[in-house]
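# A structural walkthrough
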Amino acid sequence: SSTTSSSVTLVLEAKNRNQSTMEVQHRNGTTIYCLSNGAATPAWFNAAQRRNLNKTDANFRRRVEIIHDLDFPIASNKIRQSPDGRFIVATGTYAPRLRCYEMSDFGMKFERFLDSESIDFQFLGQDYGKLALLCDDRYIRFHAPYGHHTEMRIPTFGRAMGYESATCNLLIPACNGAIYRLDLEEGRFNTPLKPHADFEVSIRAHNSQYGGSCIAVSPTHQLTSVGCEDGMVRFWDNRSGTAPFVNLNVGSAVSNYGYAESEDVQFGNNAKAYELTSLAYDPSGVHMAIGTRGGCVALYDMRSSKPLYVKEHQYGLPIHTVRFHHGSDLVLSSDARLIKIWRAKSSSISGINTNETENGATLVAAGAMGSIVTNIEGKGDFTHFIVSGDELDPTGDESGLILCASEQPKLQSFYCPVLGRAPRWCSFLDNITEELEEKDREAGDDKVESVYEDHKFVTREEVEQLGVGNLVGTPLLRGYMHGFFMDTGMYNRI
């Protein structure tokens, strides 16, 4: 296809010209390649103007764009990959819309506009053929390959959505404390799950302390877990009744960490730091990671009520996404500022400097549980992320490509080789990054590329000593902080 050929041409240009607009970050001895920080096309450009820009602008021509049109007019809020690994679906605004991308074509397959903003969505099949979207007007909208299929309304506003494939049930935690169950096989609502046996479901209770804000279904034993505003994770077995069979008090476990030192800490709208905002199981179903509104992530073994480790993001921002990376035994957790990659298990690897200061005092040894591998920072606030895989690895457990929805038009993408290889559909990333690493080795460790390498910094006193005070305010002396940048050649001549 034409899209595929343009991507191949892009790779060849990056190889032949020996330069790229790809931004590279080095943190804690690891390398992160920012694939979305290159030149962007103005939204008002038509197809002819885009082609013209590709001919005339060298920086635009040499940019690295792994998926074409991976953006939204204003912002994006959710991104997920299909279970077969062939498609990526993202939702964003404005106007509210859904976009589907096909990996084999490196571009957008279709776009659909929505009646209201999507809060969450789930794949009900192996590809985009069956989608369920939870919207902020209390409707669950179902999409088929031909478009909108039908919609159903839930009694109160939902906050998240999970899918239990064993029973074909959609699970929607609501603000009133109930978890609504929609049976997709019979096409009707089942009795809602309740936070405790004596709880009475009321559609008028919009600020219940039992309100669920995140949900996860175990991939092995179909155990449903919901994180609630009171700091509890409640567990249901689909073979038992509507009341949870066990509760896990995460709020008390993180009470002495970071911004959650006191239950009186307020986070706007009467929110508490110990409220749970994200959940994730590892592929084995034995371990669970739980994020809080106060910026902590608790790592649990399902056989114990005490956390194995509590990780602080130290920004006091809600943790909106957590996930396990099974191929490298790492945990990825994200707030609006950054994606933190840290160890879920102790490791004997010592070649990576992963020391980090906790609470300003204690150092976590390199390779120990909880030690930092690296942090990923973007140009916009993150709202959600996935680790993108391929058809052989649809869950991304062996991949190093991270795609992020964010509060900016362009979705952000990063390639982190320490996590794993690039997916098969963009395997050319390995070749590009290997060439960049070879250039760094050839250039030597002491040489650092900088846009200021041809300029020398001089203070105002040095300007007076050189007798070039009359150049202040001209392009020959560029003001910066407490001094100026001067062209190195002119400085040597003076």
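Our structure is the block above this text.
Described below are features of the structure shown in this document. Counting restarts for each chain, with residues numbered from 1 along the sequence as it is written. pLDDT decides what is reported in this predicted model: residues at 70 or higher carry local features, side-chain atom pairs at 80 or more are listed and counted, and totals for whole chains, interfaces and linings draw on all residues regardless. Note that the side-chain values use all heavy atoms of the structure and ignore hydrogens as well as water.

Moving on, we come to unusual backbone geometry. For the bond running from Thr93 to Tyr94, omega is -15 degrees, close enough to zero to count as cis. Helix and strand assignments come from DSSP, with helices taken as H or I runs of at least 4 residues and strands as E runs of at least 2, each series counted from the N terminus. Within the secondary structure layout, Tyr94 lies in the loop between strand S4 (87-93) and strand S5 (97-102). Omega for the bond connecting Tyr94 with Ala95 falls within 30 degrees of zero, at 10 degrees, which places this linkage in the cis form. Along the chain, Ala95 falls in the loop between S4 and S5. The backbone phi angle of Asp329 is positive, close to 55 degrees, even though this residue is not glycine. Structurally, Asp329 is set in the loop between strand S23 (321-325) and strand S24 (330-334). The exposure class of Asp329 is partly exposed, given its relative accessible area of 34%. Working definition: with a 1.4 Å probe on protein chains only, accessible area under 20% of the residue-type maximum means buried, over 50% means exposed, and in between means partly exposed.

Spatial ordering of the open sheet is given by S23-S24-S25-S28, a layout of four strands whose pairing is antiparallel. A single partner strand is all that each edge strand has here, and the edge strands are S23 and strand S28 (372-377). Mean inter-strand twist for the sheet, computed between neighbouring axes without regard to direction, equals 15 degrees. The criterion for strand pairing is that DSSP finds at least two bridges linking the strands in question. Axis definition: a line fit to C-alpha positions, over the contact stretch in the case of helices; interaxial angles, taken between N-to-C directions, run 0 to 180 degrees.

Read across the open sheet, the three strands follow the order S32-S34-S33; overall the sheet is antiparallel. Of all the strands in the sheet, just strand S32 (455-459) and strand S33 (477-480) have a single pairing partner and so form its edges. Neighbour-to-neighbour, the strand axes of the sheet open up by a mean angle of 35 degrees, direction not taken into account. In terms of strand pairing, S32 meets strand S34 (residues 483-487) through five bridges, oriented antiparallel. Residue pairing in the sheet places Val458 in a bridge with Phe484 of S34.

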